[in-house]
Amino acid sequence: MTKKILLAFVLAALPAFAADSQWALQQATLTYHVSHPLHQSEGVSHAAKGKGVCHAGQCDFLIGVPVKSFDSGDSNRDLHMLQVTRGAEFPMVLVRTRLPESSSASATLNVDLEIQFAGQTAQYKQVPFKLETLAGETHITGTIPATLSDFKIDPPSLLTMPVKNDIPVRVEMTWRPQ
Amino acid sequence: MKAKGTHLILGVGMLVFSLLIFSLLISVPLQAQAQTQPEPQPPATPNNLPDAPSSSKTEPTLQELGFPAEQTQANAAQQALLDKRTHMLKIHQRMGLITTAPLIATVIASMGAGGRNSSTTSRDLHAALGGLTGDLYGITAYYAIRAPRVPGTETRGPIRFHKVMAWIHGPGMIATPILGIMAFDQKNKGEKVHGIASAHGPVAVVTAGAFGAALLSVSVKF
């Protein structure tokens, strides 16, 4: 009898520990932009993977992208980027955020982001994103106002002129509930 | 005889000068590198590790994203290789820029070195500047050739053109001084420059052009 009561309690408690819903990142395009007096260059990655886990009305998201997956069309620049960002030592860029579950219905979102990159962690508050839901998929676009100094990266230089500190990252993602 | 002696003294002088520049260039980046050694990281706590167990039971982890382990693990040897490569290519870039100055000066000095109205002094000056250019070019090339390659990297973008140009200005930088010495000797004997030595000018122009194109290809976006 005691065992049955215990089993009933355990079964009753299980839903409380289980996630309510999950999100999976279907597609992502991340583009960083670097400005130099002689060059404007962009590096693109389509290799991001992400997951969102919702519980009690809150969703925790984690997005990861390998540093070396960014392609600027110039292998020399990509290798230099990998070196200055210490991409072999810290091979992943990780983005974490927490959102209310109900926010997927909004057209715009202001998101607090925590980004781990180059061995540093930076917080970005209230970054605006646009949301569009089509055929069960949610498309998110926005730009993260990242800077080199946020991650203690020495600005690379060409012909003794350093690049600008601002390296905005354009984000285009498609999420699907699972 | 006197001209040869002057040429030798100028050549040795330029070699010493280029070695002095070289030693200065080497010491500065090394000092800078020593100063910018990363500070020791504080001991990692579960919260600042990307794949650490989260305090929240619902927070996804890096393992759940499904990246292969080799893609997420730190590789100190690879980072050291990248650091060495960047260090050597920075010197290559700096030396390449420095080499441009005597190269331009050599081209300008060539105007008084050839032709009927040339003088021994202008030929000596041209030869000395050419020697300096050759020395600095050699150091520049050394740092590009010796910079470690990163396995599995396919060369893409303007750097391809930069490397193709090296196949032109590299042999050119060997041929130009050899032809130049031949032309110099013929001129000093009072002869008109003849034979293969007469190719000194055209070879030098092609070499300087390829060098300039290589420099611009990685500096200015076309």
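This text goes with the structure placed above it.
Residues numbered from 1 in each chain as written. Chains lettered and ligands numbered in written order. Predicted model: local features only at pLDDT ≥ 70, side-chain atom pairs only at ≥ 80, totals over all residues. Heavy atoms only, no water.

With that out of the way, let us pick up the overall build of chain A. For chain A, the helix and strand inventory stands at 2 helices and 11 strands. Start at the N end of chain A and walk to the C end: the helices and strands fall as α-β-β-β-β-α-β-β-β-β-β-β-β. Burial analysis of chain A (178 residues in total) assigns 47% to the buried set. For chain A, the proportion of contacts with a sequence separation of at least 24, taken over those separated by at least 6, is 58%. (Helix = DSSP H or I, 4+ residues; strand = E, 2+ residues; numbered from the N terminus. Buried < 20%, exposed > 50% of the residue type's maximum accessible area, 1.4 Å probe, protein only. Contact = heavy atoms within 4.5 Å.)

Moving on to the overall build of chain B. Across its full length, chain B holds 7 helices and 0 strands. Its helices and strands in sequence order give chain B the pattern α-α-α-α-α-α-α, from N to C terminus. Residues classed as buried in chain B amount to 32% of the 222 residues present. In chain B, the share of contacts with a sequence separation of at least 24, taken over all contacts with a separation of at least 6, comes to 77%.

Attention now goes to the pattern of salt bridges. Residues and elements named next belong to chain A. Inspection of the entire model under this criterion finds 11 salt bridges over all chains. In this structure, Asp74 and Arg77 form a salt bridge, with 4.0 Å as the shortest nitrogen-oxygen distance. Judged by its relative accessible area of 10%, Asp74 falls in the buried class. Across the salt bridge formed by Glu114 and Arg96, the nearest N and O atoms sit 3.9 Å from each other. Of this pair, Glu114 sits in strand β6 (residues 108–117) while Arg96 sits in strand β5 (residues 92–100), placing them 18 residues apart in sequence. (Salt bridge = Lys/Arg side-chain N within 4 Å of Asp/Glu carboxyl O.)

As a further point, take the interface of chain A and chain B. Accessible area lost upon the coming together of the parts serves often as the stated size of an interface. Facing 44 residues of chain A, the contacting portion of chain B comprises 43 residues. Taken together, the links from chain A to chain B amount to 4 salt bridges. Residues Arg96(A) and Glu59(B) are paired through a salt bridge, measuring 3.8 Å at the closest nitrogen-oxygen approach. Remark: the boundary between chain A and chain B carries 15 residue pairs in polar contact (both at pLDDT 80 or more). (Polar contact = N/O pair within 3.5 Å; in protein donor to acceptor, adjacent residues only side chain to side chain.)

Residues and elements named next belong to chain A. By the definition in use, this model includes 1 disulfide over all chains. Two residues, Cys54 and Cys59, share a disulfide whose sulfurs are 2.0 Å apart. Looking along the S-S bond of the Cys54-Cys59 disulfide, the torsion reads about 100°, which is the right-handed sense. (Disulfide = S-S within 2.5 Å.)

Residue and element names in this part refer to chain B. Its 18 residues give helix α7 (residues 200–217) an end-to-end C-alpha distance of 26 Å, which sits within 8% of 26 Å, the value for a rise of 1.5 Å per residue. Buried residues of α7: His200, Thr207, Ala208, Ala210, Phe211, Ala214 and Ser217, and no others. Buried residues along α7 sit against α4 (76–109), α5 (120–146) and α6 (158–188). (Expected span 1.5 Å × (residues − 1).)

Glancing now at unusual backbone geometry. Residues and elements named next belong to chain A. For Ala56, which is not glycine, the phi torsion reads 50° and is therefore positive. Within the secondary structure, Ala56 sits in the loop between β3 (49–55) and β4 (58–66). Phi angles above zero are rare outside glycine, and Ala135 is one such case at about 50°. As for its position among the elements, Ala135 is in the loop between β7 (120–134) and β8 (137–144).

Residue and element names in this part refer to chain B. Considering the arrangement of structural elements, one finds Leu81 in helix α4. Counting along the chain gives 69 residues from Leu81 to Val150, while the straight-line C-alpha distance between them is 7.6 Å. For Leu81, the residues in contact, after removing those within four places along its chain, are Pro148, Arg149, Val150 and Pro151.

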